[in-house]
Amino acid sequence: DTRAAEASYRGALSQFDRLVQADPSNVVAARSAAISREKLAGTIVALGRPQDAIELLDVALATHDRIAAGDPGSVRFDMTLPEMRMSARSPVITT
C-alpha cells in the first residue's frame, strides 16, 4: 500500500531528523534521514505528486553533499555523489 509506505517513511524521517537535531555531528543519522527523504520522494512520485518530491530530493542531496564535504577523501562519496546528482530528480522528471 503506497499510502502506508508514505506514512512509514514520514515516521522514520521524523525520528532521524530528531537524532540529527540532537547531535548534528551524527553522520549515520544524517545519511539515514537523507535516504528516508529519497524513499519518501519516490513514494510521493508514485502517488502522483512529483512536484512535492523535488524539495525532499534537494534536501537529501544537500545532506549527502554536507556529509561528503566532511570526509573529502572518501572514495565512497566520490563515486556516489555524481551519480546521485544525475539521478536525484529522474523519477520526478520522467513522471
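First things first, this report covers the structure right here in the doc. Small disclaimer: the values here were computed from a predicted structure and weren't measured.

## Re the packing of helix 1 (residues 2–22) against helix 2 (residues 27–46)
Argument step 1. One way to put it is that helix 1 packs onto helix 2 with a least axis distance of 9 Å and a crossing angle of 160 degrees. Considering the angle they form, helix 1 stands roughly antiparallel to helix 2. Crossing of helix 1 against helix 2: the hand is left-handed. Along the contact surface, helix 1 presents Thr2, Ala5, Glu6, Tyr9, Arg10, Ala12, Leu13, Phe16, Asp17, Leu19 and Val20, while helix 2 presents Ala29, Ala30, Ser32, Ala33, Ser36, Arg37, Lys39, Leu40, Thr43, Ile44 and Ala46.
Argument step 2. Residues that form the contact of helix 1 with helix 2 fall into these classes: 13 nonpolar, 4 polar and 5 charged.

## Remarks on the environment of Ala5
Argument step 1. Among the secondary structure elements, Ala5 is positioned in helix 1.
Argument step 2. Taking relative accessible area as the criterion, Ala5 reaches 25% and is therefore assigned partly exposed.
Argument step 3. Between the alpha carbons of Ala5 and Thr43 there is a distance of 7.1 Å; along the sequence they are 38 residues apart.

## With respect to the side chain of Thr43
Argument step 1. The topology assignment puts Thr43 in helix 2.
Argument step 2. Once residues lying within four places of it in the same chain are set aside, the contact partners of Thr43 are Thr2, Ala5, Glu6 and Tyr9.

## Remarks on the pattern of salt bridges
Argument step 1. Applying the stated criterion across every chain yields a total of 4 salt bridges.
Argument step 2. When the shortest N-O distance is used, the salt bridge between Asp17 and Arg37 registers 2.9 Å. Of this pair, Asp17 sits in helix 1 while Arg37 is found in helix 2, placing the two residues 20 residues apart along the sequence.
Argument step 3. What makes Asp17 partly exposed here is its relative accessible area of 22%.
Argument step 4. Across the pair Asp52 and Arg49 runs a salt bridge, and its minimum N-O distance is 3.1 Å.
Argument step 5. Accessibility expressed as a relative area gives 44% for Asp52, which makes it partly exposed.
Argument step 6. Residue Arg49 is classed as partly exposed on the basis of its relative accessible area, which comes to 26%.
Argument step 7. Salt bridges sharing common partners tie together Glu6, Arg10, Arg49 and Asp52.

Thresholds applied
- Residues numbered from 1 in each chain as written.
- Predicted model: local features only at pLDDT ≥ 70, side-chain atom pairs only at ≥ 80, totals over all residues.
- Heavy atoms only, no water.
- Axes fitted to C-alpha atoms, helices over the stretch in contact; angles between N-to-C directions.
- Helix = DSSP H or I, 4+ residues; strand = E, 2+ residues; numbered from the N terminus.
- Parallel < 35°, antiparallel > 145°, perpendicular 65-115°, else oblique.
- Left-handed = near helix turned anticlockwise from the far one by under 90°.
- Contact = heavy atoms within 4.5 Å.
- Nonpolar A, V, L, I, M, F, W, Y, C, P; charged D, E, K, R; others polar.
- Buried < 20%, exposed > 50% of the residue type's maximum accessible area, 1.4 Å probe, protein only.
- Salt bridge = Lys/Arg side-chain N within 4 Å of Asp/Glu carboxyl O.

By themselves these figures say nothing about function.
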